[in-house]
Amino acid sequence: MNAPVKTDNAELIVPEGVYAETVLSVTHYTDHLFRFRMTRPAGFRFRSGEFAMIGLMVEGKPIYRAYSIASPSWDEELEFFSIKVPNGPLTQHLQRIQPGDKVLMRKKPTGTLVLDALTPGKRLYMFSTGTGIAPFASLIRDPETYEKFEEVILTHTCRDVAELKYGFDLVDEIKNHEFLADLVGDKLKHYATVTREDYPFQGRITDLIANGKMFTDLGVPPLDPAIDRGMICGSTAMLKDTKALLEQAGLTEGANNKPAEFVIERAFVG
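These figures come from a predicted structure and were not determined experimentally.

Caption draft 1: Just the sheet that holds strand E13 (residues 262-264), in detail. The strand order across the open sheet formed by 5 strands is E11-E10-E9-E12-E13, and the pairing between neighbours is parallel. A single partner strand is all that each edge strand has here, and the edge strands are strand E11 (188-194) and E13. Direction aside, the axes of adjacent strands within the sheet are offset by 10 degrees on average. Where strand E9 (residues 123-129) and strand E12 (residues 228-233) come together, 6 bridges link them in parallel fashion. Its bridge partner being in E12, Met 126 is matched across the sheet by Met 231. Where helix H8 (residues 236-248) meets the sheet, it contacts E9, E12 and E13, and its direction lies at approximately 170 degrees from that of E12.

As structure tokens, then:
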């Protein structure tokens, strides 16, 4: 049975099997990117790196899209990082949310960018473009990531320097966190590149892998299936090209039911 939820303006009818959570804060990074945090249902459980279907009621109908949960599994709130699409069925409305507004979320999270889908290794690469950094925002703040890997390398490629800020904010948060700072130490490396502006590190991550510059910049050896593991989240073209490079290096794609050397998230918005 659908349950009514009181809002400031009207009564929101919540579909069965869906949570209606309250927006707590909204941060706009650029004209194209924003982050928001909302309440977490008491019974909601997820693994760091998974995504959920979130949405809004638009003209009396719920509209949902898949969004990676950017907060770690231990967080008491839920965080999401989103693009703004002017005519996007959901994002044209979602980008205007304010604290106190209600956001819908289906009750079952899922996804392949989870530690369980990888076989044991020493170095974990997280390859992301744009808002594809969201699942890694969850994983780099999860203690289990550093229990399983000696080194974690987060790559984030955007068009412009301003679009990198969310990633830098995440790393700063970890460095200043009461328990993550000591746990993470120097295990986390952040490699940010841009494609349209002057910046110390420039170029598509696939080009930087292919020509070896990424490894030189980071001071690490080329990909080795014996010790390296990978996670990929980004545009369709980026997923395809990065997957090809990892397979060329001898890594095999895995899944929840068949762990291997790298995984891809294909349910990606933006």
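Caption draft 2: Quick look at the layout of surface pockets. The volume enclosed by the largest pocket comes to roughly 460 Å³. Those elements that provide at least two residues to the lining of the largest pocket are strand E10 (151-158), helix H6 (205-210) and H8. In terms of residue count, H8 provides more of the lining of the largest pocket than any other element does, 3 residues in total. Partitioned by chemical class, the residues of the lining of the largest pocket number 6 nonpolar, 9 polar and 5 charged.

Caption draft 3: Local environment of the UniProt feature "domain: FAD-binding FR-type" (unreviewed entry) in the chain. Mapped onto this numbering, the UniProt entry annotates "domain: FAD-binding FR-type" (unreviewed entry) at residues 16-116. Between the end C-alpha atoms of residues 16-116 there is a gap of 30 Å, over a span that is 4% helix and 46% strand.

Caption draft 4: Quick look at the confidence of the model for the chain. Of the residues in the chain, 95% reach a pLDDT of 70 or more, and the chain-wide mean stands at 93. Here residues 1-10 scores under 50 on pLDDT; set against residues more than four positions off or in separate chains, the count is 21 contacts.

Caption draft 5: Region of the structure containing the side chain of Glu 163. Within the fold, Glu 163 resides in the loop between E10 and helix H4 (165-175). Residue Glu 163 is classed as buried on the basis of its relative accessible area of 7%. Setting aside residues no more than four positions away along its own chain, Glu 163 makes contact with Thr 30, His 32, Leu 33, His 156 and Cys 158.

Caption draft 6: Just the packing of aromatic side chains, in detail. Applying the stated criterion across every chain yields a total of 12 aromatic pairs. Ring centres of Tyr 67 and Phe 80 lie 6.5 Å apart, and the angle between their planes is 85 degrees; on these two criteria the pair is classed as edge-to-face. Residue Tyr 67 is located in strand E6 (residues 61-68), and its partner Phe 80 is located in strand E7 (residues 77-83); the two are separated by 13 residues in the primary sequence. Given the relative accessible area of 3%, Tyr 67 is considered buried. Judged by centre distance (3.9 Å) and plane angle (15 degrees), the rings of Phe 81 and Tyr 166 are stacked. Of this pair, Phe 81 sits in strand E7 while Tyr 166 sits in helix H4; the two residues are 85 residues apart in sequence, bridging distant segments of the chain. Judged by relative accessible area, which is 3%, Phe 81 ranks as buried. Residue classification places Tyr 166 among the buried positions, given a relative accessible area of 1%.

Caption draft 7: Highlighting H4. Along H4, the positions that sit buried rather than exposed are Tyr 166, Gly 167, Leu 170, Val 171 and Ile 174. Buried residues in H4, looked at end-on, bunch into an arc of 140 degrees, giving them a common side. Of the surrounding elements, those touching the buried residues of H4 are strand E4 (33-39), E7, helix H2 (134-139), helix H5 (180-184) and E11.

Thresholds, definitions, all that
- Residues numbered from 1 in each chain as written.
- Predicted model: local features only at pLDDT ≥ 70, side-chain atom pairs only at ≥ 80, totals over all residues.
- Heavy atoms only, no water.
- Pairing = 2+ DSSP bridges.
- Helix = DSSP H or I, 4+ residues; strand = E, 2+ residues; numbered from the N terminus.
- Axes fitted to C-alpha atoms, helices over the stretch in contact; angles between N-to-C directions.
- Contact = heavy atoms within 4.5 Å.
- 1 Å grid on protein atoms, 1.4 Å probe; cavity = no way out; pocket = protein on both sides within 12 Å on 5 of 7 lines; lining within 4 Å.
- Points joined across faces, edges and corners; volume = space filled by probe spheres on them.
- Nonpolar A, V, L, I, M, F, W, Y, C, P; charged D, E, K, R; others polar.
- UniProt positions renumbered as here; feature names shortened; annotations may be inferred.
- pLDDT = per-residue confidence, 0-100.
- Buried < 20%, exposed > 50% of the residue type's maximum accessible area, 1.4 Å probe, protein only.
- Phe/Tyr/Trp six-rings, centres within 6.5 Å; stacked < 30°, edge-to-face > 60°.
- Arc of directions from axis to C-beta.

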